[in-house]
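Topology and contacts: notes
Below are the chains, spelled out letter by letter.
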Amino acid sequence: MKLPPFDYACPTSVSEVVALLAAHDGEAKPLAGGQSLVPMLAFRVALPSLLVDLRKVAELRHIKITNEGIALGAMVRWREILDDARLRTAHPLLIAAVAHVAHYQIRNRGTVGGSMAHADPAAELPGIAVTCEAKIAVTGKAGARVIAAADFFQGPLTTALQSDEIITEIRLPLWPAKRRFGFQEFARRRGDFAMAAAALFYDEDGGKARNAHIGAIGVADRPLRLKAAEDAINGTSIDEAVIAKAEAAASASVDPADDIHASGAYRKALIGVMVERALRDAAGLKTT
Amino acid sequence: MSTTAPKRASNLFVGSPIERLEDLRFLTGRGQYVDDLAVENMLHAAILRSSVAHGRILSIDSSAARARRGVHAVITAADIGTVPTIPLRHDPTPAIRRFEQPVIADGKVRYVGEPIAVVIAESAALAEDALEAIAVDIEALRVVADREFARKDDIILFETVGTNVPDTITAVRGKADDAAFNSAPYRRREHFSVQRHAAVPMEPRGLLAEWDDANARITVRGACKVPFTNRRALAQMMNLPEASVRMVEYDVGGGFGARGEFYPEDFLIPFAARLLGRPVKWTEDRRENLTALNHARDMECDLEIACARDGALIALRAHACTDIGAYVRTNGATAARNIAQVLAGPYRIPHVRVDVSLVITNKTPVGTYRGPGRFESDFCRERLFDMAAADLGVDRVEFRRRNLIREADMPYPLPKVQVLDIESECDSGDYQITLDRCLAEFKWAERAKLNGKLIDGRHHGIAVGCYLEGGGTGPRENVRLAVEADGSISLFVGSSSVGQGVETVFAQIAADALEVPMERINRVLHGSTDYVAQGFGSFSSRSIVMGGNAIGDAAQKLRTLIREAAAKRLQCQASDIVIDRGMAVGPAPARAAIALKEFAGLCADGTFASAKRTYSYGAHAAYVAVDAKTGHVELIDYVAVEDVGRIVNPLTLHGQCIGAVVQGLGGAFLEHFIYDENGQLLTGSFADYLMPTASDFPQIRAVALEDKPSPLNPMGAKGAGEGGIIPVGGVVANAVAAALGSLGVEPRDLPLSPPRLWQMIQAARATCAAR
């Protein structure tokens with residue numbers, strides 16, 4: 001588990017990073033927090049010729065909260081999100097999700113850009129990005145562009161990023177103060193990757209839910225929006241019958257594969273339970 | 001932690017909660033592990049391991065690897081010549097010996113992870129880089145991936161032997177035949193299984209071998225557990241006299257039965273050092289650790305009991321089958337032997353017959369893991385007892401109480417292991433006391449009201465189980481006590497330290513035995529072959545029983561020597577001399593006192609021999625809440641009560657017990673080596689092989705008693721390192737079954753993973769609905 005041989009660069013600007021990536025034609029890898037890439041190097045499943053360390057790129061470290069929403073620089077670490085008092089009201093769903101990310105040590109190192117680029121189907125932030133319709137700003141040799149979260153994730157560990165591009169920023173839309181939300185995750189041990197997790201929010205209008213967004217993590221090859229479950233709650237006042245409908249709709253809208261940790265049938269049921277519980281949290285209804 | 005025995009007046013240290021002497025150096029970063037070692041001229045080894053589970057090696061081309069920068073050698077079977085096999089340390093029946101593991105793949109590979117070649121290079125990274133340059137051509141053979149297929153003998157792993165079943169071990173007490181079962185008022189038969197998992201110590205293995213060409217001597221650093229046995233094995237393989245092999249033990253980050261046995265690397269690294277004439281170091285990484293270190297537990301069991309209507313047990317019979325992997329390693333048959341011997345547990349069952357077959361498959365070989373065979377046995381037996389008690393309408397606690405071996409029955413014989421001709425008997429104890437204490441600590445009567453109840457969406461359940469722990473395995477142990485120039489005492493022991501705190505407890509025992517302050521015991525030197533002529537090591541919960549009593553013997557002799565020397569100086573009788581607080585004091589009225597340093601150079605050897613094992617025992621209880629919608633089990637409370645005969649240090653014992661329970665919970669809920677049909681390990685990293693961590697099971701309580709000392713040794717001590725793990729699987733599975741009693745869920749297989757439990761709950765609901 002010694003790392004394979006590679007060259008190392010530690011530039012200070014995005015333009016230098018892009019130039020290095022472009023010059024190595026897919027053989028270079030950006031190193032953010034290293035919480036996924038370094039183990040992959042140790043297992044020799046990633047064999048880049050060059051590691052481009054992003055730790056000195058100052059322009060990737062910002063957390064900006066404006067009238068348009070929240071912008072997280074790609075090198076923002078989980079710890080910085082959890083320690084930012086503004087975010088607790090500016091985006092409580094993000095905070096709830098990030099609290100489930102791995103362990104203390106990993107949260108001190110891991111970054112939002114790294115998690116997005118790695119695109120593990122069971123990771124929290126990609127799920128939040130899809131649920132909240134985030135935009136991902138990226139920069140490459142051809143310039144900057146913005147990709148919708150729904151288009152960014154293309155499969156397990158697969159994204160819309162080109163080999164010369166890096167993520168610069170994740171943009172989450174503005175979060176209304178009265179928005180209701182819930183986040184529920186089930187993992188074998190605290191800090192493990194989710195077997196399934198649900199992220200959801202809705203706004204209220206005259207006692208009825210509207211603008212429901214329900215996201216599912218760990219039940220497909222990428223994070224999903226569960227439109228059928230959203231339809232089940234939009235326009236309703238949340239009660240036991242609605243919760244049961246949303247649970248059933250969530251389950252029915254996924255078709256997870258079997259793997260060593262669980263059958264597809266288990267995950268299919270589990271995502272329903274996660275949606276049910278997250279919805280209870282959002283509506284302030286007790287477990288029965 | 002509490003004890004019921006009154007404080008002993010004569011002993012100051014034994015029985016006291018003394019903080020571990022080892023901890024200061026560990027906590028201040030001054031521990032010395034084998035990977036910390038570096039010597040001049042040192043080279044590093046990396047091992048090419050088979051990625052194919054079963055195949056014939058057609059060719060190995062290492063020329064490209066040899067040509068790489070920094071590479072000094074690539075060693076394969078061809079370089080070794082006649083490839084030795086690793087001798088069995090335990091239970092070496094002729095049938096089983098046919099399956100010994102060669103130290104390097106020799107013509108065939110039989111499991112993923114089997115060593116094929118060793119690269120020696122300037123650094124560990126360069127050595128690992130070079131592995132990829134070795135071209136191995138393997139003709140893949142059909143894989144024997146499970147017990148069932150193995151037993152058909154369609155594909156044979158050892159062609160010359162002609163079977164995949166090395167042996168069947170049988171243990172018998174009374175006559176558990178058809179007549180006994182047919183005439184019984186009640187019988188029940190069930191099939192159980194325990195998954196493959198393993199010890200997984202925190203520190204992987206490591207070795208540093210140095211060849212001294214001038215003296216034709218090899219030094220191997222990184223030995224532990226059984227250095228003297230391994231010295232004998234290595235000397236034979238390297239064709240050296242035993243005296244030319246030196247094994248040195250450093251700090252060890254956990255053994256649990258797996259670390260310290262003789263593995264292929266224990267030959268390959270010294271061999272490389274001699275071949276190259278340079279020190280060679282190898283540090284196992286976690287990936288190789290999970291396929292190279294012994295696995296364990298993998299068994300299934302068809303178990304039947306017969307009893308009277310009141311629950312009194314009449315007979316037990318079983319056929320168990322252990323998947324021991326591709327070879328029989330040093331102690332690969334021990335778990336099977338233990339299953340045969342202890343499946344009946346601490347219960348009076350007149351008629352017992354247990355047959356345990358060992359089966360070879362294309363997986364990592366197994367060995368002992370804390371409570372070998374006992375963890376598995378207790379799961380099967382205690383589960384079946386709860387099912388039977390429910391059938392009979394007998395209270396679960398009463399069922400056990402009625403059948404526990406009574407103090408008046410002692411010594412009570414265990415079933416005799418026939419092939420190996422092993423007889424053993426429970427030495428002493430009152431098993432009702434630990435059961436009662438466990439129920440009291442647990443508040444069983446109060447908790448029983450919650451049993452089977454659905455509270456806030458979760459099903460609550462409780463269970464209790466009883467167990468036996470065999471320990472103090474012979475044949476003997478040797479120690480030496482020596483007076484140093486400054487009047488301090490050095491203690492040399494043949495026992496090993498694998499992290500269990502022997503330095504502390506041995507210092508306590510020695511200080512009491514010599515009647516000197518503990519600070520006087522300045523060094524406890526353990527585990528290395530330099531210290532005593534012959535040592536036996538640390539396994540089978542034996543260090544205190546064997547090593548501790550040997551210290552008593554040596555202390556007695558040293559005291560005699562000191563008193564004789566003092567008597568000479570003071571011109572009195574040796575019997576007039578009293579040793580008190582580190583001084584030899586002459587008779588009244590002068591009461592001349594001579595400091596111990598005046599006796600520098602005196603030393604005494606001590607030994608303790610015993611062919612009989614000690615049996616500590618106890619009861620555990622668990623309280624769980626099951627979330628039926630996710631299959632998650634929360635452990636709300638867990639109580640462990642044991643009687644270990646004599647408590648040397650309540651703190652270290654408490655730590656041993658809590659740690660063992662957590663390990664057991666790992667086996668019950670989390671840890672699982674899953675293989676696919678090609679013999680590939682699918683849970684080969686800590687991302688997929690789930691170890692319990694400190695925050696997973698916070699609610700564990702442990703109580704140790706010393707009500708019933710062992711009659712087999714002067715200290716009255718019994719083994720105490722393994723009891724904490726033995727009953728865990730059975731107890732928590734019974735608690736889960738009790739919680740889900742309304743649904744009729746009966747776990748028969750470990751681990752109790754959420755998906756598996758959920759599946760059982762779904763199936764039970766479907767059955768209910770169909771009715």
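Procedures and definitions
Starting from 1, residues in each chain are numbered consecutively following that chain's sequence as written. Each chain is given a letter, starting from A, and each ligand a number, starting from 1, according to the order in which they appear as written. Confidence filtering applies because this is a predicted model: local features only for residues at pLDDT of at least 70, side-chain atom pairs given and counted only at 80 or more, and all residues used for totals across whole chains, interfaces and linings. For side-chain calculations, the full set of non-hydrogen atoms in the structure is used, while hydrogens and water are omitted. Cavity: a set of points on a 1 Å grid over the protein atoms alone where a 1.4 Å probe fits but cannot get out. Pocket: an open set with protein on both sides within 12 Å along at least five of seven lines, its lining residues, like those of a cavity, having an atom within 4 Å of a point. Grid points are joined across faces, edges and corners, and a volume is the space filled by probe spheres set on the points. Classification convention: Asp, Glu, Lys, Arg as charged; Ala, Val, Leu, Ile, Met, Phe, Trp, Tyr, Cys, Pro as nonpolar; all other residues, Gly among them, as polar. By definition in these notes, contact holds between two residues if any of their heavy atoms fall within 4.5 Å. A quick way to say it: buried area is the sum, across both parts, of accessible area lost when two parts are put together, with a 1.4 Å probe. A carboxyl oxygen of Asp or Glu within 4 Å of a side-chain nitrogen of Lys or Arg is what we treat as a salt bridge. Counting of polar contacts relies on pairs of N or O atoms within 3.5 Å, with two restrictions inside protein: one atom must be capable of donating a hydrogen and the other of accepting it, and residues adjacent in sequence are counted only when both atoms are side-chain atoms. The source of the domain bounds is an automatic or database domain assignment. Secondary structure elements are defined from DSSP: runs of H or I of at least 4 residues count as helices, runs of E of at least 2 residues count as strands, and each element is numbered from the N terminus. Residue exposure (1.4 Å probe, protein chains only): buried if accessible area is under 20% of the type maximum, exposed if over 50%, otherwise partly exposed.

Brief notes about empty space enclosed by the protein
Residue and element names in this part refer to chain B. Across all of its chains, the model carries three cavities of 30 Å³ or more by this definition. The space that makes up the largest cavity amounts to roughly 120 Å³. What lines the largest cavity is a set of 15 residues, and nearest its centre among them are Leu-207, Gly-222, Gly-260, Glu-261 and Asp-266. Along the lines of polarity and charge, the residues of the lining of the largest cavity split into seven nonpolar, four polar and four charged.

Let's talk about the interface of chain B and chain A
Taken residue by residue, the interface counts 30 residues in chain B and 28 residues in chain A. Both faces considered, chain B and chain A share a buried interface measuring about 2,400 Å² in area, 59% of it formed by carbon and sulfur atoms. Between the two partners, chain B and chain A, sit six salt bridges. One salt bridge in this structure joins A:Arg44 and B:Glu128, with 3.2 Å as the shortest N-O distance. The tally of links from chain B across to chain A stands at 14 residue pairs in polar contact (both at pLDDT 80 or more). Residue composition of the side of chain B that touches chain A, by class: 12 nonpolar, seven polar and 11 charged.

Examining the domain arrangement of chain A
How big an interface is tends to be reported as the loss of accessible area on association of its parts. Its domain assignment divides chain A into domain 1 (7–53), domain 2 (58–173) and domain 3 (180–283). Placing the centre of domain 1 of chain A and that of domain 3 of chain A at their C-alpha centroids yields a distance of 36 Å.

A few points about the environment of A:Arg189
Positionally, A:Arg189 belongs in the loop between strand E11 (180–186) and strand E12 (196–205). Residue classification places A:Arg189 among the buried positions, given a relative accessible area of 10%. For the pair A:Arg189 and A:Ala102, spaced 87 residues apart in sequence, the C-alpha separation works out to 9.8 Å. Here A:Arg189 is in contact with B:Leu670, B:Phe686, B:Leu690, B:Met691, B:Thr693 and B:Asp696, once residues within four sequence places are set aside. For A:Arg189, the side chain forms a polar contact with the side chain of A:Asp192, separated by 2.9 Å.

A closer look at unusual backbone geometry
If a residue is not glycine, its phi is most likely negative; likewise, a peptide bond is most likely trans. In the segment running from B:Ala588 into B:Pro589, the intervening peptide bond is cis, with an omega of 5°. Within the element layout of this structure, B:Pro589 appears in the loop between strand E27 (583–585) and strand E28 (593–595). B:Leu750 connects to B:Pro751 through a cis peptide bond whose omega is 0°. Tracing the backbone shows B:Pro751 in the loop between helix H19 (728–739) and helix H20 (754–770). For A:Arg44, which is not glycine, the phi dihedral falls at a positive 60°.

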